[in-house]
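# Per-entry structural report
Here are the chains, one letter per residue:
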Amino acid sequence: MMDSTREEKKNEAREELPEGENESISRREMLKLTAIAGTGVVLGMSGMATLMSLKRADPGKGSGMSATKPQEGTSEAIPFYGLQQAGIATPQQPYVCFAAFDVLHQDAGQLLKLLQEWSAASALMTAGKPLSEGGNVTAPPADTGETRGLSPSKLTLTFGFGPTLFQRNGKDRFGLASEQPAELSDIPPMPGDRLNPQWSGGDVGVQACADDPGVAFHAIRNLAKASKGTAAIRWIQNGYIGAPDGQTPRNLFGFKDGTANRELDSDAARSQHVWVSSSDAPAWMANGTYLVARKIRMFLEPWDRATLAEQEITFGRLKESGAPFGKKNEFDPAPLSQFPASSHVWLARSAGTKMLRRAYNYAEGIDGGTGEWDAGLFFISFQRSVKQQFIPMLSLLAKLDALNKFTSHVSSAVFACPPGAGEGGFVGETLFRSGNR
C-alpha cells in the first residue's frame, strides 16, 4: 500500500513537469543535489556535469530544433552550397551585417581549416539549424543561441578575399601571392575621399543578409566566435532597406536606388557583367565575382533644406516616381540627353558600364563632433571586372557628380568572391586546389 502511494506520487511529479522535461533534471532533483552537498557529500564539477548531461532533455522533442531535421519554414532557407555563392544574384533581403576580418597568423593550413569550419557553420545557419545540440555543460556552447526558434529568414552568407590575404607590404603571407587576381587591388584615391583606414580593407569579407536583422547578426557573431585566435573582426557594418515587394528601395535622400539592376535580370546579362568566366584569369575565380564596398556618409541636414527641384536635378530623376525627366515611370527608357548634366544618374550611365548594386542604408545616431546625423549608404556592388566596370564609373562621379556636396566616402574595400562550394566542400577550395595546397 505504501509502495503504491509512493509510485503514484512519482507519477504525479512527472505530470507536473512541462512537456519535454520528464527526462531532464527537475527543480526538485536539483534541490536534492543541493541538500546532499549541504550534508557534506562532495560532488565535484566533473561529477555534476556528468549527472546533468545524463539528465538533459532529448533535443528532438521540446527543444524546438533538431540537429538533423531542418526547422519549420524551410521555404525561407536559401541553400549555402551551389555553383555560385548565394547573396549576390539572390533577391535582396532587407537587412545586412557585413564584417571584414583580419587573419592573425601566416599559416596556410590554419587558414584552410578556418574556411572549412566557416563553410560548415554557414551551411547549418542558412538552413536554420544551430551549430550544436546539447554538449558539455562545462564548456561554452558552440552556438550563441539567440536565434533558436526563429526561421532561417532567407539568410545568405557570402565570402570574399581581400588583397592583403595574398600579400601585405610586399610579403607573400600564405603562399598565395601568385594566385592574386589582377582585378584585386584597392580602389585608387578619388577626389573628395575621406577614408578611414580602420573602416577599410580586410583579409576576408563576409556579407550576411537576411529578412531578420538578428539572424544576420547572429551569423557574423558565430563566425567571429569560431575564429577566435585565428581571425578577428577589423570592421563591421549593419544596414537596411525598405521597399514593397518588387519595387526599387529608396536611399536616405528619398530617391529610388538600384533602378539599373533590372538590366541584369537575365542570366545572359549576369554572365556578361557579374560572373567571372572560365576564360578569365585566374582560373580559380570562374563563377565568382568581385565585390566593392564603399561607405558613403550622406549629409542629411543640407539635403533636407534643398528644394525638390534642386534635389531632382542633383540626383537626375523624379523623386516620387523615379522616372527620368520627361517620362512618367521609373523604367521608361530615356536617352542620356533627358538627364540633367552633371546629375548623379547622368554620370553613372555615361560611364557605359553595368554592375549589380546591392546597397543598404545605415543610420548610426548623431555625430558627436558636428551634432548632425551619422547616416548614409553602405554601397555594395558585384562586377566581373573592378578595373573596367567600377573604377571608370567612380572616377567620373568623384570628379563631376553634383551629389558630391551632399556626400563623402569614408570607407572602401574590395574582395574577390570565389565560386560557391559543392556539398561538403568549402568556399575558397578552388583557390587552394589551384596551387595543390
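Throughout what follows, the structure given in this document is the object of discussion.

Scoring rules and cut-offs
- Think of each chain on its own: its residues are numbered from 1, step by step along the sequence as written.
- Predicted model: local features are reported for residues with pLDDT of at least 70 only, side-chain atom pairs are reported and counted for 80 or more only, and whole-chain, interface and lining totals are derived from all residues.
- Each side-chain value is worked out from all heavy atoms of the structure, with water and hydrogens disregarded.
- For Phe, Tyr and Trp, rings pair up if their centres lie within 6.5 Å, where Trp contributes its six-membered ring, and each pair is then called stacked (planes under 30 degrees apart), edge-to-face (over 60) or tilted (otherwise).
- Note on conventions: DSSP H or I runs of at least 4 residues are helices, E runs of at least 2 residues are strands, and numbering of each starts at the N terminus.
- Relative accessibility thresholds used throughout: buried, under 20% of the residue-type maximum; exposed, over 50%; partly exposed, between the two (1.4 Å probe, protein chains only).
- Charge-over-ring contacts are defined here by two conditions on Lys NZ or Arg CZ: a distance within 6 Å of the ring centre and an angle within 35 degrees of the ring normal.
- Salt bridges, as used here, are contacts in which a Lys or Arg side-chain nitrogen is within 4 Å of a carboxyl oxygen on Asp or Glu.
- An expected span of 1.5 Å times one less than the residue number is assigned to each helix.
- Contacts were defined at the residue level, with two residues in contact if any of their heavy atoms lie within 4.5 Å.
- N or O atoms closer than or at 3.5 Å make up a polar contact, with two conditions inside protein: a donor-capable atom paired with an acceptor-capable one, and, for residues adjacent in sequence, both atoms drawn from side chains.
- Criterion for a disulfide: a pair of cysteine sulfur atoms at a distance within 2.5 Å.

This paragraph deals with the packing of aromatic side chains. Counting across every chain of the model gives 16 aromatic pairs. Ring geometry for W303 against F406: centres 5.0 Å apart, planes inclined by 90°, an arrangement best described as edge-to-face. With a gap of 103 residues between them, W303 in helix α8 (residues 300-305) and F406 in the loop between α11 (386-400) and β11 (407-417) connect regions that are remote in the sequence. In this structure, W303 and F406 share a single accessibility class: buried. Ring pairing ties together the aromatic residues F80, Y81, F101, W118 and F159, which thus form one cluster. Sitting over the ring of Y362, K295 keeps its end group 4.7 Å from the ring centre.

When the charged atoms of two side chains lie near each other, side chains of opposite charge can form a pair. In the structure shown here, the tally under the stated rule is 14 salt bridges. Across the pair R221 and E146 runs a salt bridge whose closest N-O atoms are separated by 3.1 Å. In this pair, R221 sits in helix α6 (residues 213-226) while E146 sits in the loop between α4 (108-126) and β2 (156-161), placing the two residues 75 residues apart along the sequence. The exposure class assigned to R221 is partly exposed, which follows from its relative accessible area of 38%. On the accessibility criterion, E146 (34% relative accessible area) is partly exposed. Between K354 and E263 there is a salt bridge whose closest N-O contact spans 3.8 Å. A residue pair is termed long-range when its members are at least 10 positions apart, and K354 in the loop between α10 (344-350) and β8 (356-357) and E263 in the loop between β6 (231-240) and α7 (267-273) qualify at 91 residues. On the basis of relative accessible area, K354 is assigned to the partly exposed category, the value being 35%. It is possible to trace a salt-bridge network through shared partners that takes in R168, R173 and D203.

On to α6, then. With 14 residues, α6 extends 20 Å between its outermost C-alpha atoms, agreeing within 8% with the 20 Å of an ideal straight helix rising 1.5 Å per residue. Buried residues of α6: V215, A216, H218, A219, I220, N222, L223 and A224, and no others. Each element contacted by the buried residues of α6 is listed here: β1 (95-103), α4, β2, β5 (204-210) and β6. Capping the start of α6 is the job of one residue whose side-chain oxygen sits 2.7 Å from the backbone nitrogen of G214: D212.

A word on the side chain of T314. Positionally, T314 belongs in helix α9 (residues 308-315). A distance of 2.7 Å separates a polar atom in the side chain of T314 from the backbone oxygen of E310. Those residues in contact with T314, other than ones at most four positions away along the chain, are W303, S343, H344, A402, L403 and F406.

Below, the discussion takes up the state of the cysteines. Throughout the structure, instances matching the rule amount to 0 disulfides. Among the cysteines around C209, which has no disulfide bond, C97 carries the closest sulfur, lying 9.6 Å off. On the basis of relative accessibility, which here comes to 0%, the residue C209 falls in the buried class.

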